[in-house]
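Below, each chain spelled out in residue letters.
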Amino acid sequence: MNKETPLTLLDKPNSYVGRTLSRDAAKRAVAGRGRYTDDIMPARTLHAAFVRSPYGHAKILSIDVEAAKQQQGVALVMTGAELAEMCTGPWVGTLVCFDGMKSEPQHPMAIDRACWQGEPVVMVVATSRAEAEDAAELVTVEYEELPVVIDKETALDPGTPIIHPNLGDNLAFEKTIETGDVEKAVAEADIVIEDTFTFGRHTAVSLEPRALLAEYDPGTERLTIHTSSQCPHMIQAVFARTLGVPEHNVRIVAPDVGGSFGLKIHTFGDEIAATAAAIKLARPVKFIADRLESFATDIHARENRVKGRIAVTKEGIITSMDIDVRSGAGAYSQYPRTSVFEANQILNITGGPYAHENYRASTQVVYLNKVPTSQYRAVGHPIGNTVGESLVDQAAAACGIDPMEFRRRNVMRDDSYPRISAAGIEMRDLSHQQCLETLVDRMGYDALLEEQAEYRKKGIQRGIGIAAFIKGTAPGPAGYYGAGGAPISSQDSCTIKLEPSGGVICMVGVTDQGQGVDTVMGQIAAATLGIPMESVRVIEGDTDAVPYGGGTYASRATAIGGEATYQAAMMLRAEILEIAGVLLQAEPDTLDILDGHVVDKGDSASRISLAEIGRIGHFQVAELPNHIQHTLSATYRFRLKDALYIFTNGIQGAYVEVDTDTGFIKLLNHWVIEDCGRVINPQLADEQVRGGCVQGLGGALYEECVYDSAGQLQNATLADYLVPMAGEMPDIEVAHIQTHTGVSELGAKGVGESGTGAAPAVVMNAVNDAIRPFGGKVTAQPMSPETILKALGKV
Amino acid sequence: MSEATLEISLTVNGEQVTKTVPVRQHLVDFLRNELGFTGSHLGCEHGVCGACSVRVDDAVVRGCLMLAVQADGAKVETVEGLNETGEIADLQKNFVERNAMQCGYCTPGMLITAAELLREPKPVSREEIREHLSGNFCRCTGYHAIVDAVETTINTRLEEG
Ligand code: FES
Ligand code: FES
């Protein structure tokens, strides 16, 4: 913790904050009692299946649904045109904050034209999913194939077909940011390194696929949707507006969510269709994506090519960096969060840990006949970090300086905040130097270098990688969403209530997908109120119950929702102490709350229990004077004031072994030192980092959605799209530096994406370190064995 | 066309069950939709992820690759059954304490698979535990915590004989 950080209630000895406590949800999970959307089975539920475009791009000439309609069990067959009649209009996935951005209006299901393989064309609703699929096979759609645009490099070339003629070209968005004078810095530099990096398309592969159960009551005109979502209020707004149902009549419940990683902050046409069916039929309709349609319809991400350049002095000081990013989106910009955040974030964070003052970054995001892209865990960071950190390593090697020492010379100094980064973003409360020295210590860096040299002598090629990083977390309303015009809240709220029993109900807008958000909020509330953990129940994921909020995205739950909970608990605490003061004839500020009892400060003897205050406050209010009109509840909303993000920082280390004959990479060790500010629950924070790292490692080593030249996704099964399994992954050592953020009293920053953001960078640096003596270098991810052998000139 | 069906009789979590099922219904769909044992999950429906793992006659199988009719006459156990018998109470406790799950979707399959190592516990390395669990996909944890929980359980069982 910072020396200057004032002590709060949360810093009391034995505080729940800063302590590992296990999650109630975990106890349920191990008993097989988790309750995910597909586990909810109301009577007379119908199931939706979709006819999807088999082509990357095709005109729809005719649709014949008669045979399907005749099938036993079929309740509804709906085309895109029929669905459009139930909708208020198509989506346009642009935000006003992205100047000049354009996107073609998109209907939930294709009408005249399908623009990617997998786009929904016809929905069949039947009494079981199997029957719906049977009937879907009887739908006949006549297509006329159209030319596809698959290669992002040539997407803007004259002669390349234009996917949406109304847009004039295939460009979604372009942007350049520039600070200082890059060309001058390059001209004056002792060493200039240039390189080009490519990144394959990934998708989230949450183990529980997208899932939705919609129920509509025509009497009250209420629509209830259980869905595997991170952002219930956003789903409420988008579904209500799209289907013309008043927002306040729509209830969104996110039950247990089986993994999300950004996938489940988005809205999808097939989900709108299933909801429309529930309204039309007044029966529950369920849509559970199967794994094959998950690959072909869940958002994709990460497909980028980056040209990068770094200029340094021979003393090893970075003087400039510049990058050019060509980003491959899908057929439409994903509504409402768009498909350009990734590229924008690459511009924001590349080279972000370093103190250079000359920076230029430009991007062009282009449409392709592929699945739409959008935010996926650590948006843009795996790319920006890989580019920046590889350039830094190459520059260090060219200077003949150890890469750790090179970073030591260049990172932003811990005493230099607040400051503006080269990308023009305010940075504060970071700790690059402290993280770096901690990593040196944890890795046993010098000994590891010696060990590596010993192995080299034996013909075993091991590599050591280092990657410093920054991570944008908890975005504020001044940035993209609020200012961008989408119905996505960047504030979050907590309503907290004292019950007659002395128990506390804490309702939060942020949501849990297994990170332990509910446990963390409970810890903050219990610590602030001075009550046992067992006395707090946290409610999340239900728009009928919780105050309005953005939900969980961009590592914001603890940073934003945690502060809201802390402040709401402070307000409730003040109210409790005021009532106690009246009842006990004492000044409230002479009182404290300890273990569910109001006590005199400095004394632990109970004067009155919270249960007694609850009883009097709710039932025996006549015992209180008339001017006391307490509600025994409080609501607080928290948002960032001016900042774009709460930036965090850290550094990762990796130790790998490369088999130069087979190209196989063995991950031996992995370290993450990161600074997420105040840690509420150390175990949960660690596990966020570990899980995130492995997700990053999967992307760096195995994962890629491969398209052929006709726009056909070639590997849309879990057998063909490789994900990291236990056998290949290393143990991961995690440590936290805790520089509290100054933007909240709680002091917490985001932690959920820091592992993912830099893991690809560090493992690529380690691999390149291993093969450097052979003149090999890898700049493409995923780093398949073939990529390694090519780099070594062996194939 | 009405669906072809067959009557099957089997034991599920210790209880005798007789039902008429569509011949094409998978075991895991039968357990979930017909019997309400929703602890077994579907992650891929093509035999890769292990989320649907159940025990059939003491062997761990993928419930998405086996038809319900193939389980006629068999003894089937799901995570709910293992929970009730207390067979893996220590493993469950260690999963909770070590936070060896986040979303919990892979957890039943992980527990059933890891339980195989506990049948006749013998010293195993972390690599062997990782190898044993390599057919079960977890997108959340990164596996480290799961390996810890399994390792602790095996070691404690060995110590306590
Ligand atoms: S659902 Fe059976 S292995 Fe994935
Ligand atoms: S805990 Fe989510 S998939 Fe394993």
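Residues numbered from 1 in each chain as written. Chains lettered and ligands numbered in written order. Predicted model: local features only at pLDDT ≥ 70, side-chain atom pairs only at ≥ 80, totals over all residues. Heavy atoms only, no water.

## Examining the side chain of Asn768(A)
Residues and elements named next belong to chain A. Going by this rule: Going along the chain from the N terminus, every DSSP run of H or I of four or more residues is numbered as a helix, and every run of E of two or more is numbered as a strand. Burial classification: accessible surface area is computed with a 1.4 Å probe over protein chains only, and a residue below 20% of its type maximum counts as buried, one above 50% as exposed, and the rest as partly exposed. Residue contacts are counted whenever heavy atoms from the two residues lie within 4.5 Å of one another.
Mapped onto the elements, Asn768 comes out in helix α19 (residues 754–771). Residue classification places Asn768 among the buried residues on the basis of a relative accessible area of 6%. Setting aside anything within four residues of it in sequence, one finds Asn768 in contact with Gly776, Lys777 and Val778.

## Here we look at the interface of chain A and chain B
For the record, the criterion: The quantity reported as buried area is the accessible area (1.4 Å probe) lost by two parts once they are put together, taken as the sum for both. Whenever a carboxyl oxygen of Asp or Glu lies within 4 Å of a side-chain nitrogen of Lys or Arg, that contact is scored as a salt bridge. In the analysis that follows, any N or O atom pair within 3.5 Å is treated as a polar contact, provided that within protein one partner can donate a hydrogen and the other can accept it, and provided that, for residues neighboring in sequence, both atoms belong to side chains.
Contacts between chain A and chain B engage 53 residues on the former and 48 residues on the latter. Interface area for chain A against chain B, summed over the two sides, is near 4,100 Å², with a carbon-plus-sulfur share of 55%. Taken together, the connections running from chain A to chain B amount to seven salt bridges. Taking the shortest distance from any N to any O, the salt bridge between Asp731(A) and Arg126(B) comes out at 2.7 Å. The interface formed by chain A and chain B holds 31 residue pairs in polar contact (both at pLDDT 80 or more) in total. Broken down by element, the side of chain A that touches chain B gets its largest block of residues, eight residues, from helix α18 (residues 682–701) of chain A.

## Brief notes about the pattern of salt bridges
All names here are of chain A. A complete count under the given rule lists 69 salt bridges over all chains for this structure. For Arg241, the salt bridge goes to Glu247, with nearest N and O atoms at 2.8 Å. Glu247 gets classed as partly exposed once you look at its relative accessible area, which sits at 27%. For the salt bridge of Glu405 with Arg409, the shortest nitrogen-to-oxygen distance reads 2.9 Å. Linking Glu405 with Arg409, this pair stays in helix α11 (residues 403–410), spanning four residues, or about one helical turn. Glu405 gets classed as partly exposed once you look at its relative accessible area, which sits at 23%. The partly exposed category is assigned to Arg409, whose relative accessible area is 39%. When salt bridges that share partners are traced, they join Arg52, Arg129, Glu133, Arg210, Asp270, Glu271, Asp290, Glu293 and Asp298 into one network.

## Considering the domain arrangement of chain B
Residue and element names in this part refer to chain B. Put simply, the test is: All the domain ranges listed were derived from an automatic or database domain assignment.
Assigned domains within chain B: domain 1 (5–82) and domain 2 (87–160). The gap between the C-alpha centroids of domain 1 and domain 2 is 22 Å. At the interface, 18 residues of domain 1 touch 15 residues of domain 2. Buried surface at the junction of domain 1 and domain 2, both sides included, amounts to about 1,300 Å², of which 53% is carbon and sulfur. Here domain 1 and domain 2 share one salt bridge between them. The partner of Arg55 in a salt bridge is Glu87, and the shortest N-O contact between them spans 2.7 Å. The element that contributes the greatest number of residues to the side of domain 1 that touches domain 2 is strand β3 (residues 53–56), accounting for three residues.

## Looking at the pairing of strand β17 (residues 358–366) of chain A
All names here are of chain A. To keep things clear, this is the line we draw: For two strands to pair, DSSP has to find at least two bridges joining them.
For β17, the tally of buried residues reaches seven of nine residues, placing the bulk of the element in the interior. Bridge analysis of strand β7 (residues 171–179) against β17 gives eight bridges, and the strand direction is antiparallel. Residue Glu178 lies in a different strand from β17, and its bridge partner there is Arg360. Two elements, strand β16 (residues 318–328) and β17, share nine bridges in a ladder whose sense is parallel. Among the inter-strand pairings, Arg326 is bridged to a residue of β17, identified as Gln364.

## Brief notes about unusual backbone geometry
All names here are of chain A. Going from Tyr335 to Pro336, the amide bond is cis rather than trans, its omega being -5 degrees. Checked against the element boundaries, Pro336 lands in the loop between β16 and α9 (341–349). Across the junction of Tyr417 and Pro418, the peptide omega takes the value -5 degrees, indicating a cis bond. Looking at the element boundaries, Pro418 is found in the loop between α11 and β18 (419–420). Phi is positive for Arg44, close to 65 degrees, though the residue is something other than glycine. On the secondary structure map, Arg44 appears in the loop between α1 (24–30) and β1 (46–52). With relative accessibility at 55%, the residue Arg44 sits in the exposed group.

## A look at the domain arrangement of chain A
Accessible area lost upon the coming together of the parts is a frequently used measure of interface size. Residue and element names in this part refer to chain A. Spelled out, the test is: Gly counts as polar in this scheme, as do all residues outside two lists: the nonpolar Ala, Val, Leu, Ile, Met, Phe, Trp, Tyr, Cys and Pro, and the charged Asp, Glu, Lys and Arg.
On domain assignment, one finds that chain A holds domain 1 (9–34 + 491–638), domain 2 (37–146 + 205–297) and domain 3 (300–412 + 422–477 + 642–791). Taking only C-alpha atoms, the centre of domain 2 and the centre of domain 3 are 35 Å apart. Inspection of the region where domain 2 meets domain 3 yields zero salt bridges. There are 14 residue pairs in polar contact (both at pLDDT 80 or more) connecting domain 2 and domain 3. Elements that contribute at least two residues to the side of domain 2 that touches domain 3 include exactly α6 (232–243) and α8 (291–297). The greatest single-element share of the side of domain 2 that touches domain 3, amounting to five residues, is contributed by α8. In the side of domain 2 that touches domain 3, the residues fall into 21 nonpolar, 11 polar and four charged.

## Some points on the packing of helix α3 (residues 89–97) of chain B against helix α4 (residues 107–119) of chain B
Residues and elements named next belong to chain B. Spelled out, the test is: Angles run from 0 to 180 degrees between N-to-C directions of axes, and those axes are lines fitted to C-alpha atoms, restricted for helices to the stretch in contact. Put simply, angles under 35 degrees are roughly parallel, angles over 145 are roughly antiparallel, angles from 65 to 115 are roughly perpendicular, and the rest are oblique. With the far helix as reference, a near helix turned anticlockwise by less than a right angle produces a left-handed crossing, and one turned clockwise produces a right-handed crossing.
The geometry of α3 relative to α4 is characterised by a closest axis approach of 10 Å and an angle of 130 degrees between their N-to-C directions. Relative to α4, the element α3 is oriented oblique. The hand of the α3/α4 crossing is right-handed. Note on element contacts: α4 touches α3 through Thr107, Met110, Leu111, Ala114, Ala115 and Leu118, opposite Leu91, Gln92 and Phe95. Classifying every residue of the contact of α3 with α4 by side-chain character gives seven nonpolar, two polar and no charged.

## Regarding the environment of Gln375(A)
All names here are of chain A. Mapped onto the fold, Gln375 is located in the loop between β17 and α10 (381–399). Assessed through its relative accessible area of 6%, Gln375 is described here as buried. Residues in contact with Gln375, not counting those within four places in the same chain, are Gly262, Leu263, Ile265, His266, Ile299, Arg337, Thr338, Phe341 and Tyr481. Among the polar contacts listed, one links the side chain of Gln375 to the side chain of Ser374, at a separation of 2.5 Å.

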